[in-house]
Amino acid sequence: MSKPTVAIVGRPNVGKSTIFNRIVGERISIVEDTPGVTRDRIYGTGDWLSHEFHIIDTGGIEMGDAPFLEEIRLQAEIAIAEADVIIFIVNSREGVTSADEEVAKILFRSKKPVVLAVNKVDNPEMRADIYDFYSLGFNEPFPISGSHGLGLGDLLDEVVKQFPESMDDNTEEDTIKFSLIGRPNVGKSSIVNAMLGEERVIVSNIAGTTRDAIDSSYEFEGQKFTIIDTAGMRKKGKVYENTEKYSVLRALKAIDRSDVVLVVLNGEEGILEQDKKIAGYAHEAGRAVIIVVNKWDAVEKDEKTMKEFEEKIRAHFLFLDYAPILFVSAITRKRLTNLFPAIKTASENHAMRVQSSVLNDVIADAIAMNPTPSDKGRKLKILYVTQVGIKPPTFIVFVNDPEIMHFSYERFLQNRIREAFGFEGTPIKILTRQRT
């Protein structure tokens, strides 16, 4: 099921980033009392009343030379294009401004649900300050204080009421869903077209030409696949560069719906820092991952080149040590036929269940090979291990004292589980619990 998206919109310095941080529950955006300082991550995940949702802080987008009101308008339009519900934030201390009215006009035209939040209402005596904001034409405004966390519960109650009734994926159960994520111009769309054997996605060598995420169905050797081609929303000229951060949100949405994620690298350009950040989204989401090096036809190589590139990937992507690496060329279609079997294997491993008796035999052998650690005279005892989840495979290790379980020993157990059962292409999680 895909998560709904909430966008926080408003003119500069009304407290968007503070509210964003409160909802996400951690300090992600940079917050200062200066207009336009949000420069860090502008997306996160919120959770309220068992509803998970993506949330975006439009303050993070910079429009360069765009005039003040034009910049606000563009931010609002981008948020509207992505959001299911919009939180419109205004500042109680400054009253209704012309910029607030401009944003309100844009939001009205969007036909999207809008929840009006009047920020900086820091005490009950200030609640009377909200009445002026009825003039913006929305439903009852919610008085909140981002700095003190007041009123956010009532605000979020209203936000989740506005979520679409169903965001279920209509894909058949036996279909493997996979997406392609990566920097602009690594060849995601070209790979999709080459896999499908037809021109379904716009392809250009200008970064940022794919305008929307497109799902395509395909069958390979009796297995059904759905390809989710992630694409960032980008506008012409300078604007698309500044809206590049919003392609991350599209990637996150696609990852939500995927069983397997293909992290696409550009073989010509090598590995960039942004590649690692993008790959991190899939890993953090617990999806199965395959690393795909595209444009391998354009790389000058000898018999050592592939091995050396693979070693570089392993060095840079330590957190993806479970992910297979495939070298392909969308142009020549070389090795593309290897992708579908690899995706199928990764998907099967992502959903694999291991019998408890067999699992505990493997752990017993591991302990015999490398005894459990001690701390301050107490020795760790592993009493029982069981698998409690899939996608990704998740195991609980019951012990006498979780504090004695060192990270390195947990990693050792994880490696033994991988050696015994494979799990290529999927992360696995180990949770340590005290057995009562």
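Starting afresh in each chain, residues are numbered from 1 along the sequence in its written order. Per-residue local features are limited, in this predicted model, to residues with pLDDT of at least 70; the limit for side-chain atom pairs, both in listing and counting, is 80 or more; totals at the level of whole chains, interfaces and linings are taken over all residues. Based on all heavy atoms of the structure, the side-chain values leave hydrogens and waters out of the count.

Asks: For the side chain of Asn91, give the residues involved together with the corresponding values.
Replies: On the secondary structure map, Asn91 appears in strand S4 (residues 85-91). Leaving out residues up to four positions away in the same chain, Asn91 has contacts with Arg11, Asn13, Val14, Asn119, Lys120 and Phe133. Counting from the N terminus, the helices are the DSSP runs of H or I reaching at least four residues and the strands are the DSSP runs of E reaching at least two. It only takes one pair of heavy atoms within 4.5 Å for two residues to be counted as in contact.

Asks: Outline the sheet that holds strand S3 (residues 51-57), listing residues and values.
Replies: Being paired, for any two strands, means DSSP has found at least two bridges between them. If you walk across this open sheet you meet the six strands as S2-S3-S1-S4-S5-S6, and the pairing is mixed. Taken across any chain shown, the strands that pair with only one partner, and hence form the sheet edges, are strand S2 (43-48) and strand S6 (142-143). The sheet contact formed by S2 and S3 spans six bridges and is antiparallel. Within S3, the position partnered with Trp48 by the bridge is His51. For helices, the fitted axis covers only the stretch in contact; all axes are lines through C-alpha atoms, and the angles between them, taken along N-to-C directions, range from 0 to 180 degrees. The sheet contacts of helix H3 (residues 98-110) involve strand S1 (5-9), S4 and strand S5 (114-119), and relative to S4 the element is tilted by about 165°.

Asks: Provide a residue-level description of helix H1 (residues 16-24), including the pertinent values.
Replies: For an α-helix, 3.6 residues make a turn, and residues three or four places apart therefore share a direction. Most of H1 sits inside the fold, with seven of its nine residues counted as buried. Only protein chains enter the calculation, and the probe is 1.4 Å; a residue is then buried if its accessible area is under 20% of its type maximum, exposed if over 50%, and partly exposed in between. Taken residue by residue, H1 has Lys16, Ser17, Ile19, Phe20, Asn21, Ile23 and Val24 as its buried positions. Residues of H1 that are buried sit in contact with S1, S2, S3, S4, S5 and helix H4 (152-161). The positive-phi residue at the C-terminal boundary of H1 is Gly25, with phi of around 90°.

Asks: I'd like to hear about the environment of Asp321, residue by residue, with values.
Replies: Within the secondary structure, Asp321 is located in the loop between helix H9 (305-316) and strand S12 (325-327). By relative accessible area, Asp321 is classed as partly exposed at 38%. Asp321 sits 105 residues away from Thr426 along the chain, and the two C-alpha atoms are 9.7 Å apart. If we skip the residues at most four places from it in the chain, Asp321 touches Arg314 and Arg411. Each polar contact in these results corresponds to two N or O atoms within 3.5 Å; when the atoms are within protein, one needs to be able to donate a hydrogen and the other to accept it, and residues that are neighboring in sequence are counted only if both atoms are side-chain atoms. Engagement of the side chain of Asp321 in a polar contact is seen with the side chain of Arg411, the distance being 2.5 Å.

Asks: Please give an account of the pattern of salt bridges that cites residues and values.
Replies: Salt bridge criterion: a side-chain nitrogen from Lys or Arg within 4 Å of a carboxyl oxygen from Asp or Glu. Going through the model one piece at a time under the given rule, you end up with 14 salt bridges. With a closest N to O distance of 2.8 Å, Asp275 and Arg183 form a salt bridge. Residue Asp275 is located in helix H8 (residues 273-284), and its partner Arg183 is located in the loop between strand S7 (176-181) and helix H5 (188-196); the two are separated by 92 residues in the primary sequence. Comparing Asp275 with Arg183 shows no difference in burial state: the two are buried. Connected through salt bridges with shared partners, the residues Lys3, Glu52 and Asp256 form a single ionic network.

Asks: So what's going on with the packing of aromatic side chains? Residues and values would help.
Replies: Pairing of aromatic side chains here covers Phe, Tyr and the six-membered ring of Trp, requires ring centres within 6.5 Å, and sorts the geometry by plane angle: under 30 degrees stacked, over 60 edge-to-face, intermediate tilted. Scanning the entire structure with this criterion turns up 16 aromatic pairs. Residues Phe108 and Phe138 carry aromatic rings whose centres are separated by 4.5 Å and whose planes lie at 5° to one another, so their mutual orientation is stacked. Within this pair, whereas Phe108 is found in helix H3, its partner Phe138 is found in the loop between S5 and S6, the two being separated by 30 residues in sequence. Judged by relative accessible area, which is 41%, Phe108 ranks as partly exposed. Overall, Phe138 belongs to the buried group, its relative accessible area being 12%. Ring centres of Phe178 and Phe225 lie 6.1 Å apart, and the angle between their planes is 80°; this geometry places the pair in the edge-to-face category. In this pair, Phe178 is assigned in strand S7 and Phe225 in strand S9 (residues 223-229), connecting sequence segments 47 residues apart. By relative accessible area, which is 0% here, Phe178 ends up buried. By way of ring pairs, the aromatic residues Phe178, Tyr218, Phe220, Phe225 and Phe340 are connected into one cluster.

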